[in-house]
Amino acid sequence: MDVLAVLIPISLLLGAVGLVAFIWTLKTRQYDDPEGDAQRILRSDYDDHPKP
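We now turn to the structure provided with this report. Computed from a predicted model, the values in this text were never measured in an experiment.

1. As for the overall build of the protein chain
Across its full length, the protein chain holds 2 helices and 0 strands. When each of the 52 residues of the protein chain is scored for burial, the buried share is 4%. As presented, the protein chain carries roughly 5200 Å² of accessible surface, and 66% of it is formed by carbon and sulfur atoms.

2. A word on the side chain of T25
With respect to the element layout, T25 can be found in helix α1 (residues 2–27). Residue class for T25 comes out buried when judged on its relative accessible area of 12%. Not counting the four nearest positions on each side in its chain, T25 is found in contact with Q30 and Y31.

3. Let's talk about unusual backbone geometry
In this structure, R29 takes a positive phi of about 60° despite not being glycine. Topologically, R29 is positioned in the loop between α1 and α2 (36–40).

4. Structural notes on a nonpolar patch on the surface
On the surface, L19, F22, I23, L26 and Y31 cluster together into a nonpolar patch covering about 510 Å² of accessible area. Within the element layout of this structure, I23 appears in helix α1.

5. So, the packing of aromatic side chains
Taken as a whole, this structure holds 1 aromatic pair when the rule is applied. With 6.4 Å between their ring centres and 40° between their planes, F22 and Y31 make a pair best called tilted.

6. Let's talk about α1
Between the first and last C-alpha of α1 there are 39 Å, a value that for 26 residues agrees with the 38 Å anticipated at 1.5 Å per step. Positioned one or two residues after α1, R29 has a phi angle of 60°, which is positive.

Conventions we followed
Residues numbered from 1 in each chain as written. Predicted model: local features only at pLDDT ≥ 70, side-chain atom pairs only at ≥ 80, totals over all residues. Heavy atoms only, no water. Helix = DSSP H or I, 4+ residues; strand = E, 2+ residues; numbered from the N terminus. Buried < 20%, exposed > 50% of the residue type's maximum accessible area, 1.4 Å probe, protein only. Areas by Shrake-Rupley, 256 points an atom, 1.4 Å probe, with all protein chains shown as cover. Contact = heavy atoms within 4.5 Å. Patch = residues over 30% accessible without salt bridge, like charges linked within 9 Å, V, L, I, M, F, W, Y side chains within 5 Å. Salt bridge = Lys/Arg side-chain N within 4 Å of Asp/Glu carboxyl O. Phe/Tyr/Trp six-rings, centres within 6.5 Å; stacked < 30°, edge-to-face > 60°. Expected span 1.5 Å × (residues − 1).

Everything listed here is a matter of coordinates, which is why it stays silent on function.
Here it is in C-alpha cells:
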C-alpha cells in the first residue's frame, strides 16, 4: 500500500504534464492545416517513393 502513495501522485503529475503539453500545442496552432496533407498528395509532383 505504501507504493500506491508514491505511484498515484506521480501518475497525476504525468497526466497533468501531458494535458499541459496538449493545450500548449493547441495554443501554438500546430493543428491548423487539416487540408494540407490531403491536397499535397493530389499534386503531380508528389514523390511516392522518396530516396533513402
